[in-house]
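A closer look at the structure
The residues making up each chain are set out below.
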Amino acid sequence: MSTARIATALFLAAALLYLATLTAFYSPDGMSFTMLIDAGDAGNPLWFQAEHLLYPTTGAAWAGVWGLLGVRPHVSLQVLNALAGAATVALAFLALAALLRPDVRSHAEGLPQHRRAAALGALGLAVSYGHWLHATDVEDQILSNMLLALAFWLLAEWLRRSDTGTRHWLLVAGVGVAQAGAVLIHLTAALWTVPALLALLWARRWRNGAAYLLALAAATGIPYLLVGVFRFGYVWPGDYVGWFLSAPGHGVWGRFGLGNVWAAIRALVEAFVYQQGGARFGDLLHGQLNPANLLAVTGFNVIGALLLILAGTALLTLLRPRAAGERRTAAKLAAWASVYFLFNVYWAPEDVQFWTVVLLPLWGLVALLVATSQRSRRAIRHTQYAVLVLLAALFIVNLGTAFWPRRDQANNPGLQAARCVGEHTAPTDLIVTPGWDWASSYIPYFAQRRVLSLVDTTLIAAGGDPLAAHDLIYDAIQENMAYGGRVYVVRLFDLGETDTAWLRDTAGLSPDDLARWARQPAFQCQDETVWELTRP
């Protein structure tokens, strides 16, 4: 079977899998984009965020076409992500097949070894929890990953060619343009410049490195320049610096502590296999053999062992004196994973979203391990069988514990609670929520009720000033009461210590900030008590 046919088969299989398991557990972050796109308000200051410059515009164009058929934005964006996730799998295969192509055929008849290894790596990406999750949700990450995978494939094709004609330069420029597209969707794709430059400079073609950087800078810089000038009126470099530093300025991301490393390891493991709330090793030590926790601990240990094996494989390959092609491949993949690992540990160690892009180089190292095992017929067989068993286990565990149950909206208590809130309230009512949770995203979108998010009020409306946010919240509640609307509070008064501390650290607010109003239980939705605020 040709490389193109295998890539097509992988795309179709992955697309079918993702479309069949579209999740009904929509992430709050993804829903914030969905609501922005649904409103279609390009004048909203969040429309052109520096870290997601063109995603709302891209999503709005896609959702607008599907809207003509009566499909709501959250469904159409899920379909977009499913197709993008499947395309990422196919492009990963093409890139890995190109990188590993110098390898000779395996001792077995049939598929050449480099294609077999690349196919295993691509399949591993397809069934990994983080990639699968974002290919079935409404997040923006997977679209950026697809464009980065395209850049990776173009780079791999360039590396295996020795010609210097027009097509050669177009490939180099294509790498920069494809990466620029990824950057314009999710700014973290700019980190890929480090492994890309490493690969280009390793080949000792300095002019190619310059051409790549020029294409990347032009394709990325021109959209930012146009938006900055015509949308925000930016003229001076300082304006752009402030724009790019707006997200770090919130203080939510980029707060390093020693606990970040452990949080990063846990999230990286979950990018491979669903952890069902986290592996609790202490429970096992105390003899509590909860099946879900036992499975999570087992998955954690297996993936931890895999990561150690991959680290050892990369190190040994880099030290091997005669395997120049293998060293170059290992160096690029290891640099890719390392750069993102260091950034994620600092930026958002606990968020699986940021680890999805690390899956591709890690599965690339798995493919390299399979490809280089060809020196021994027994090693080929054992390595391939081990990887196949791992892929089957990941598929079964992730499908059975996460994706199959999450297809059904009835299994999402937050969604049911949001609809319950809608049934017990009127359009004139105001719903106060902590923010960045199911209540702040599901209630306005699925229940069509006005929501006041404490976190968003502080970080966006009040510019990070808790005192100003306190005044805005007070005015909104008083105004709604003055016009005869009721004010309800969801989740805030029932937060645990951890969530209360997070709210205080993030927004500088707490449930006590609403203590000036009297409150009473209004109704129950799922396990949530909804409170009504009344005049003191």
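Let me begin by describing the structure that accompanies this report. (Residues numbered from 1 in each chain as written. Predicted model: local features only at pLDDT ≥ 70, side-chain atom pairs only at ≥ 80, totals over all residues. Heavy atoms only, no water.)

Describing the packing of helix α2 (residues 28-39) against helix α4 (residues 73-99)
Their axes nearest at 9 Å, the elements α2 and α4 cross at an angle of 115°. Where α2 crosses over α4, the two elements pack in a sense that is right-handed. Contacts between α2 and α4 pair Thr34, Ile37 and Asp38 from the former with Pro73, His74 and Leu77 from the latter. Across the contact of α2 with α4, the residue classes break down as 3 nonpolar, 2 polar and 1 charged. (Axes fitted to C-alpha atoms, helices over the stretch in contact; angles between N-to-C directions. Helix = DSSP H or I, 4+ residues; strand = E, 2+ residues; numbered from the N terminus. Left-handed = near helix turned anticlockwise from the far one by under 90°. Contact = heavy atoms within 4.5 Å. Nonpolar A, V, L, I, M, F, W, Y, C, P; charged D, E, K, R; others polar.)

Here's the deal with the packing of helix α10 (residues 206-232) against helix α11 (residues 237-244)
In contact at an axis separation of 11 Å, α10 and α11 are set at 100° when each is read in the N-to-C sense. When the interaxial angle is binned, α10 and α11 end up roughly perpendicular. In this structure, α10 contributes Tyr224, Leu225, Val227, Gly228, Val229 and Phe232 to the contact, and α11 contributes Tyr240, Trp243 and Phe244. Along the lines of polarity and charge, the residues of the contact of α10 with α11 split into 8 nonpolar, 1 polar and no charged. (Parallel < 35°, antiparallel > 145°, perpendicular 65-115°, else oblique.)

Points about the state of the cysteines
Applying the stated criterion across every chain, the model contains 1 disulfide. Disulfide partner of Cys420: Cys525, at an S-S distance of 2.0 Å. Judged by the sign of its S-S torsion, about -75°, the cystine formed by Cys420 and Cys525 is left-handed. With Cys420 in helix α19 (residues 413-424) and Cys525 in strand β4 (residues 518-525), this residue pair connects regions lying 105 residues apart in the sequence. Each member of the pair, Cys420 as well as Cys525, is classed as buried. (Disulfide = S-S within 2.5 Å. Buried < 20%, exposed > 50% of the residue type's maximum accessible area, 1.4 Å probe, protein only.)

Some details on the nonpolar core
Note that soluble globular proteins tend to have their nonpolar side chains buried in a common cluster. The biggest cluster of nonpolar side chains holds 139 residues, and the ones touching the most others in it are Tyr18, Phe93 and Trp192. Ranked by residues supplied to this core, first place goes to α4 with 18 residues. Excluding anything up to four places from it in sequence, Trp192 contacts Leu148, Ala151, Phe152, Leu155, Val175, Gln179, Tyr212, Lys332, Trp336 and Tyr340. Core analysis: the second largest hydrophobic core is formed by 21 residues, Val455, Leu459, Ile473 and Trp531 among them. (Core = buried A, V, L, I, M, F, W, Y, C linked by side-chain atoms within 4.5 Å.)

Comments concerning the sheet that holds strand β2 (residues 450-453)
As summarised here, the arrangement of the 5 strands in space is β2-β1-β3-β5-β4, forming an open sheet in which the pairing is mixed. The open sheet has two free edges, formed respectively by β2 and β4, since each of these has just one partner strand. Direction aside, the axes of adjacent strands within the sheet are offset by 30° on average. Contacting β1 (430-433), β3 (487-489), β4 and β5 (528-534), α19 runs over the sheet at an angle of about 115° to β4. On top of the sheet, helix α22 (residues 466-482) reaches β1, β2, β3 and β5; it is set at about 155° to β1, its chief contact. (Pairing = 2+ DSSP bridges.)

Observations concerning the packing of aromatic side chains
In this structure the tally under the stated criterion is 29 aromatic pairs. On the numbers, 5.6 Å between centres and 70° between planes, the contact of Tyr224 with Trp243 is edge-to-face. Separated by 19 residues along the polypeptide, Tyr224 in helix α10 and Trp243 in helix α11 bring together distant segments of the chain. With respect to burial, Tyr224 and Trp243 carry one shared label: buried. Taking 5.5 Å as the distance between ring centres and 70° as the angle between the ring planes, the aromatic pair formed by Tyr234 and Tyr240 counts as edge-to-face. The buried category is assigned to Tyr240, whose relative accessible area is 15%. An aromatic cluster of at least three residues, connected via ring pairs, comprises Tyr224, Phe232, Tyr234, Tyr240, Trp243 and Phe244. Sitting above the plane of the Tyr445 ring, Arg72 keeps its charged end 4.1 Å from the centroid. When the ring centre of Trp517 is taken as origin, the NZ or CZ atom of Arg516, which lies over that ring, is 5.7 Å away. (Phe/Tyr/Trp six-rings, centres within 6.5 Å; stacked < 30°, edge-to-face > 60°. Lys NZ or Arg CZ within 6 Å of the ring centre and 35° of its normal.)

Here's the deal with the environment of Tyr483
By the secondary structure assignment, Tyr483 is in the loop between α22 and β3. Sequence separation of Tyr483 and Asp429 is 54 residues, and the distance between their C-alpha atoms is 9.8 Å.

A few points about helix α15 (residues 291-319)
Here α15 spans 42 Å end to end across 29 residues, near enough to the 42 Å set by a 1.5 Å rise per residue. Along α15, the positions that sit buried rather than exposed are Asn293, Ala296, Val297, Gly299, Phe300, Ile303, Leu306, Leu307, Leu310, Thr313, Ala314 and Thr317. (Expected span 1.5 Å × (residues − 1).)

Concerning the environment of Glu157
Topologically, Glu157 is positioned in helix α7 (residues 141-159). Between the C-alpha atom of Glu157 and that of Ala98, which follows or precedes it by 59 residues, the distance is 6.0 Å. Leave out the neighbours within four places in its chain, and Glu157 touches Ala98 and Leu171.

Examining the pattern of salt bridges
Applying the stated criterion across every chain, the model contains 3 salt bridges. As a salt-bridge pair, Asp437 and Arg491 come within 2.5 Å of each other at their nearest N and O atoms. Residue Asp437 is found in the loop between β1 and α20 (438-446), and its partner Arg491 is found in the loop between β3 and α23 (497-507); the two are separated by 54 residues along the sequence. With respect to class, Asp437 is no different from Arg491; both count as buried. A salt bridge links Glu532 to Arg486; the nearest nitrogen and oxygen atoms lie 2.8 Å apart. Taken together, the residues span a long stretch of sequence, with Glu532 in strand β5 and Arg486 in the loop between α22 and β3 at a distance of 46 residues. (Salt bridge = Lys/Arg side-chain N within 4 Å of Asp/Glu carboxyl O.)

Digging into a nonpolar patch on the surface
Together, Phe256, Leu258, Val261, Trp262, Ile265 and Tyr346 give the surface a local cluster of nonpolar side chains, amounting to about 630 Å² of exposed area. Overall, the relative accessible area of 37% leaves Val261 in the partly exposed class. (Patch = residues over 30% accessible without salt bridge, like charges linked within 9 Å, V, L, I, M, F, W, Y side chains within 5 Å. Areas by Shrake-Rupley, 256 points an atom, 1.4 Å probe, with all protein chains shown as cover.)

A word on the pairing of β4
Direction of pairing for β4 relative to β5: antiparallel, over a ladder of 7 bridges. Across the sheet, Arg519 pairs through a bridge with Leu533, a residue of β5. Once β4 ends, the chain turns through 2 residues before running back antiparallel as β5, passing Gln526 with a positive phi of about 55°.

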